[in-house]
Amino acid sequence: MTINPRDYDLDELRKMARQRGNGMSDEDVPDPTDLDMGLDDADEEVLAGSSFRSGLYRELLPFLGGDAHEKPYLEALPETYAAEFVVFEWLEFLLMHSGYKGADEALDYYRSIDWLTEDVQDDLSDYLLGIDESATNDDNELSVDDHMLSLVYIAKLTAMT
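Residues numbered from 1 in each chain as written. Predicted model: local features only at pLDDT ≥ 70, side-chain atom pairs only at ≥ 80, totals over all residues. Heavy atoms only, no water.

Undergrad: Would you mind going over the packing of aromatic side chains with me for this structure?
TA: Any aromatic ring pair is given by two values, namely how distant the centres are and how the planes are angled relative to each other. Taken as a whole and judged by the stated rule, the model has 5 aromatic pairs. With a centroid separation of 6.2 Å and an interplanar angle of 15°, the aromatic rings of Trp-90 and Tyr-153 are classed as stacked. Taken together, the residues span a long stretch of sequence, with Trp-90 in helix α3 (residues 81–112) and Tyr-153 in helix α5 (residues 144–160) at a distance of 63 residues. Tyr-153 carries the same exposure label as Trp-90, and that label is buried. (Phe/Tyr/Trp six-rings, centres within 6.5 Å; stacked < 30°, edge-to-face > 60°. Helix = DSSP H or I, 4+ residues; strand = E, 2+ residues; numbered from the N terminus. Buried < 20%, exposed > 50% of the residue type's maximum accessible area, 1.4 Å probe, protein only.)

Undergrad: Looking at this model, I keep getting lost on the confidence of the model for the protein chain. Mind explaining?
TA: Parts of the model with low pLDDT should not have their predicted coordinates read in detail. On average, residues of the protein chain carry a pLDDT of 75, and 58% of them reach 70 or more. Of all secondary-structure elements in the protein chain, the lowest mean pLDDT belongs to helix α2 (residues 41–64), at 59, while helix α4 (residues 118–129) reaches the highest, 94. The low-confidence segment residues 29–48, where pLDDT is below 50, has 11 contacts with residues more than four positions distant or belonging to other chains. (pLDDT = per-residue confidence, 0-100. Contact = heavy atoms within 4.5 Å.)

Undergrad: What's the story with the pattern of salt bridges in this structure? I'm lost.
TA: Oppositely charged side chains can pair when the atoms bearing their charge come close. Throughout the structure, instances matching the rule amount to 1 salt bridge. With its nearest N and O atoms 2.9 Å apart, the salt bridge here joins Asp-108 to Arg-111. Here Asp-108 pairs with Arg-111, and both are found in helix α3, just 3 residues apart, close to one helical turn. Here Asp-108 falls in the partly exposed class, since its relative accessible area comes to 36%. (Salt bridge = Lys/Arg side-chain N within 4 Å of Asp/Glu carboxyl O.)

Structure representation (structure tokens):
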């Protein structure tokens, strides 16, 4: 079962960000310093996935805590070199995981759930046209983790404004 961020309000997403992934309690999480954990490939994959999500949650926590951010989160793209670098990194990520069509659909989706404004979506779509198409992957759909990473990019860009 996949989680669609559109089905949740920001408070629900914050609550999910604070919980441990995969229904594991603190007692169930193996000690990563233990050299003889006896993990098979499936267990290692689960730990890697939860580790990745934990990293995303850590990056989102400063954005989610403190000031109450109102939607849309990203009202304008910052006009700095560092922000432009983040924009290109994010768009290349979307292209590599879903191709042009998927990346454009993702931007449309983020606008529809008020993560960004229509003006920002238009600017990002224009940037998208200028990126080399050789590294695209049109076969995949974006996962929950991909959308969470997009929210991290949006949070970084919002912090730069």
